[in-house]
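# Structural description and commentary
Below are the chains, spelled out letter by letter.
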Amino acid sequence: MEPVSSLKKDSGHNLPTPEPESPSLIRPRQPYRFSTLCATVDSPDADHKDQHGSSSVPIYQSATFKGVGNRYDYTRSGNPTRSHLGELRCFFELRKNCSLSTTEHHIAKISSAQHAFAVSSGMAALDVITRLLKPGSEVIAGDDLYGGTNRLLTYLRTHMGVTVHHVDTTKAESVVPYLHPGKTSMVLLESPTNPLLKIVDIAGISALVKEKCEDAIVVVDNTMMSPYLQRPLEHGADIVYDSATKYLSGHHDLMAGVITCNRDDIAKEMAFIINSVGNALSPFDSFLLLRGTKTLAIRMDRQQSTAMLVAQMLSKLGFVTHYPGLPNHPNKEIHDRISDGYGAVLSFETGDKELSERIVAATRLWGISVSFGCVNSLISMPCVMSHASIDPAVRAARGLPEDLIRLCVGIEDPADLLDDLRHALMEAGAITFAANDYVRLPNPISRAVEKLALGEARTVPHWGNREWFVSAPGKVILFGEHAVVHGVTAVAASVDLRCYGLTSPRYDNKVSVHFKDINDYKHEWDVDDLPWDAVNSIPKGEDHPDTLDMRVIEAIKARALPPESEMPPKTHAAAVAFLYLYMMMSVGGHRPTFHFVCRSTLPIGAGLGSSASFSVCIATALNILHERFALPSVPPPTRRPSVSGDPGHIHVSHGGRRAIPPEIAEEANRWAFIAEKVLHGNPSGVDNSVAVFGGALAYVRPGFGKRSGMEQIQGFRSLRFLLVDSKVPRDTKALVAGVARKKIAEPVLVGQLLDAIQTISNEARRALADPEVPRSTLLSGLAALIDENHAHLVSLGVSHPALESIRAITADSPYRLSTKLTGAGGGGCAVTLVPDDFADDALQALISTLEAQGYRPYVTAVGGSGMGILSPYDPIMVDGEDDASPPLSPPATPDPNGAGESQHPSIRRRFESVDVSELSQWASGRGKWLYV
C-alpha cells in the first residue's frame, strides 16, 4: 500500500483515509453522547459548507443577500449563521413544503427536535408561541411561573380575550377539571419551576391532555434544565422553549430564545410568525449562541455538582431548601424519571425578609442579578426582583415566600462559593460558628413568638423612624499625667460636662452630620456613593481587629470627603471617624439613613476628653441604628399580690443609673476606642473608658513589666471641681516628646519624678476607694496630693504661664484652693478641688476673677454616670420650640412606609439652637435617661 506521505494532495485538502494494515471486525459507530453533540457543529447541508473550510461557523453579518430566488434574501427571514444554529429553513422554504433535515442542526439535534428556531429572547420565544392562540382560547398554566411569563399571560387575559387558569401543576390531576375539549388550546408547564423548584410530571400531564383535548398544545419552558438535563419533547410535549440567554449561552453576553418542536404544522405557523414579526436572532448573536452551546455539557456538570454541595450545606443548617437533588424534595422520583440531572438553581427560605436582604447584600462572589445560567454565580430575591411584577397578594396566594433567596450556581471553585455564602450568612446574623461548626441562629420573628409564648419582658425593637438621643461625659486626669506614658498609674474620673448626639431619620437614602461645636460643620452623603467596595464589614458579635483598615480610611479620605486642607480644623478627622464606624458596622446591606447632630458642654481641645466623649456618642448611636445591640427590657413594675400565695413584686428605681448592662457598655467602648484610633492614632484607651463607664478608674499602660490595663475604682464618691480652660492651644505630641527627651537627657531626675508620681497615684487610689475614710480627711488629703503632683509636672516641664496664673489665683486669699494642670499641660485646662463647705458666693467671686483674666471656668462634679441613652420606652418630651418634622434634604422625600410626622416629633431644631449654658438642663428634661 502506498504510504500516506506520498499521496498527492488535492486543492481541497481531501485526504483519503489509509486502509488498516490488517483486517479487523467491522463494528458500527456508536451514537455520539450529548457533550460530543454540543461540541461538534455540522453544516445543515452541502449548501452551507464553508468554501474555505473554517473550523468555526462564519458570521454572515448582512441584512440582505443579492440575487433573485436564492435561498436567502433578507436576514429577518433567514440567515446562514442562524441556520447553523437551528433555524433549518426559512419561512419561504416552509411555504414550498421543503423536506427538512433538522437532525443535523445544532439546537435541533441536541433537543431531540425536528424543527428549531432562534429568536431575540426567551420572552420573544413565548410571544411567538402564544400567537398561536385565538380570542376565546383557554390556557392552563402553573401557579409558580417565571415573572415574565406571568406578565405576558396577564396581558393576554386582559387584552386578547384569552382565559388563563393557574393551577398546581405538581399534581397532574389538578389539570383535569380545566381541560375543556374545543376550548383548551394550550397547557403551559415549567419543571422545575422558578423559583420554588417544584417538579411537574411532564409525561403524565401530556398524556392526560392528549387523552381529553387532543388539539391542545403542551408547551414546556425548559430554561431551568436546558436540553442537556431534560428534553421534554421525548416526554410528550409539543413545543419546548428556552431562554437561551441562560444556560445555552452560558455567559450572559447576549439575549436569545430558542423554540423546538416535532410537528411540521406548528413549525410552519411559528416560522410565519417569526418572519412577520421580525424577532429572529441576529447573525452575531447566533454566532455567540452557537459558541456557547459547545460548552453546555461541561459547564452544567460543574454547576450542578456545586449546586448539590450548596443545597446540602443550607439544608444541614436548617434552612428550608428547594432543590430537586435533595432526598426529601417533593416529587423527586418524577424528576429522576424525566431528567438526567438536578440543575444549578436552588432557593431557600430564611423566615425573615430583612434577614434575606442582608444575606443577599453581604455576598461577594454571588452577584446580585435577576437572571441565571451564567458561568458566574448569582443571587437574588425573586419577590423584589424577577417576580416583583406579580401582585403581592397573588404571590402570597401561590405560596411564594417574600424572604425567598434564589441561588444560581456558576463554575467558580466550590470551596470559594461555599465560604462566601457562609460569610454572608454570618455577617447577616443568620448563622454563627460554635463548637467547631456553623450553627443557625433563630430569626427575630420566631424569637418574638417565643417571647410572647414565654411571657418574657419586652425589649426595644428597631425603630428606624424615631430619634435616638445619646450622651457621654468628659474626663479629667486627677493624677498621673505624662507619667502614664512611662508606665505610671494614672487616675482618671468622669466629669458631668457632656457631649450629646442626636440621630434623626432620613428617608432620602442619605446620611448627614452636623458638628455644631466644630465650626458649625455640615456634610451629607448619598449612602450608595460611599466607597463600599473598600469595606470588609465586621459581622455582629465579632470584634474589630487591633489595627484599622487603612484601605477603608484612605477610600473615605479620597472619595467621600474634600481634602483636609479644604475643611475647617478638626472636622476632617471627626468626619472620617464617623464614616469609618458607620461603614464598618454595616453588614448584610443594612445601611441606616439618618442625620447626626453633635453638641458638647465640654470645651473642645482643652484636654477634658471631648474627642473621647464624641467617639462614645457616635459609637453608641451607630450600634443602635445598626442593631448591633439591643437595649435592656423594661423591668416589671411594682405589683401588689393578686391571689393567695402571690407575693407580688417590688420594683426598686435607680433613676436610670446602671440601667445599661455591662455587655452593651463594653461593646460601645470597643467601637469608641476604634474611633479614638482614627482620631489620634495610638490612644491609651483611658478617655473613652471613662466616657463609657463613668466614675473613676486606674490605668496602667502595658509594656512596663507590671500588671496593666484599667480597673474601676469602686466606691468612688463624687467630688466638686472647678475646671478652668486657659484657652491656650497645646500640642500633646510635642509635650509628650519633650518629656521623653528629658528622660533620655536626665534619666535619674526623671526616674525620681516618675516614682514620686506613682506614689501619689497609689495614695489617691486607696483614699478614693476606701469608704471608711472621713470626707474631710479625703478632701484635705486630695488637696495636698494635687499640689504635690503639680509640682512634679512643673519639674517635667509641661506647665504653662497661663496655668500657673490660674493656680496662683485659686491659691490666693480668700480662696486657698489646690489646683493642678490636667491632661498634656502646656495650655489646656487646670482643675481645682472645691471642698463641700466652700461658699457659693466665694465660688462665684472666683469665677468672676478668672473670667476677668480671659479664662473660661466650669463648675462640675467628678465621678458621675457614664454613657447615657434617652429611654426609648417613653415618648421624647417636646416643647413649643421643637420642630415636628424629621430633617430631610430638599426636596423632602416622604417616608415610604407612611410614617407620619405626628408619630415621632423631632427635637432636632431645638437641640441645635439651645444655648450651651442651658444644654445640660434641657437634655435632662427630654425624658428618662438610662446610664451605665
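See the structure shown above.
In short, a report on the structure. (Residues numbered from 1 in each chain as written. Predicted model: local features only at pLDDT ≥ 70, side-chain atom pairs only at ≥ 80, totals over all residues. Heavy atoms only, no water.)

## A look at the overall build of the protein chain
- Across its full length, the protein chain holds 28 helices and 27 strands.
- Relative to its full complement of 932 residues, the protein chain shows a buried share of 53%.
- The long-range fraction of contacts in the protein chain, counting pairs at least 24 apart against all pairs at least 6 apart in sequence, stands at 74%.
- For the protein chain, the exposed area adds up to about 41100 Å²; of that, 53% sits on carbon and sulfur atoms. (Helix = DSSP H or I, 4+ residues; strand = E, 2+ residues; numbered from the N terminus. Buried < 20%, exposed > 50% of the residue type's maximum accessible area, 1.4 Å probe, protein only. Contact = heavy atoms within 4.5 Å. Areas by Shrake-Rupley, 256 points an atom, 1.4 Å probe, with all protein chains shown as cover.)

## Some points on unusual backbone geometry
- That bond from Ser191 to Pro192 is cis: its omega, -5°, falls within 30 degrees of zero.
- By secondary structure assignment, the location of Pro192 is in the loop between β4 (184-190) and α7 (202-212).
- With omega at 20°, the peptide bond leading from Asn194 into Pro195 counts as cis.
- Summarising the element assignment, Pro195 is placed in the loop between β4 and α7.
- Of note in the backbone geometry, Asn519 takes a positive phi value of approximately 60° without being a glycine.

## Section: the packing of helix α25 (residues 801-811) against helix α26 (residues 840-852)
- Taken N-terminus to C-terminus, the directions of α25 and α26 make an angle of 150°; their axes are 11 Å apart at the nearest point. Relative to α26, the element α25 is oriented roughly antiparallel. Our pair here, α25 against α26, has a crossing hand that is right-handed. Facing Ile806, Ile809 and Thr810 of α25, the residues of α26 in contact are Leu846, Thr849 and Leu850.
- Among the residues forming the contact of α25 with α26, the class breakdown is four nonpolar, two polar and no charged. (Axes fitted to C-alpha atoms, helices over the stretch in contact; angles between N-to-C directions. Parallel < 35°, antiparallel > 145°, perpendicular 65-115°, else oblique. Left-handed = near helix turned anticlockwise from the far one by under 90°. Nonpolar A, V, L, I, M, F, W, Y, C, P; charged D, E, K, R; others polar.)

## What to know about α26
- When the terminal C-alpha atoms of α26 are compared, their 18 Å separation across 13 residues agrees well with the 18 Å that a helix rising 1.5 Å per residue should span.
- Packing partners of the buried residues in α26 comprise β22 (719-725), α25, β24 (829-834) and β25 (856-862).
- Phi for Gly854, located one or two positions after α26, is positive at around 90°. (Expected span 1.5 Å × (residues − 1).)

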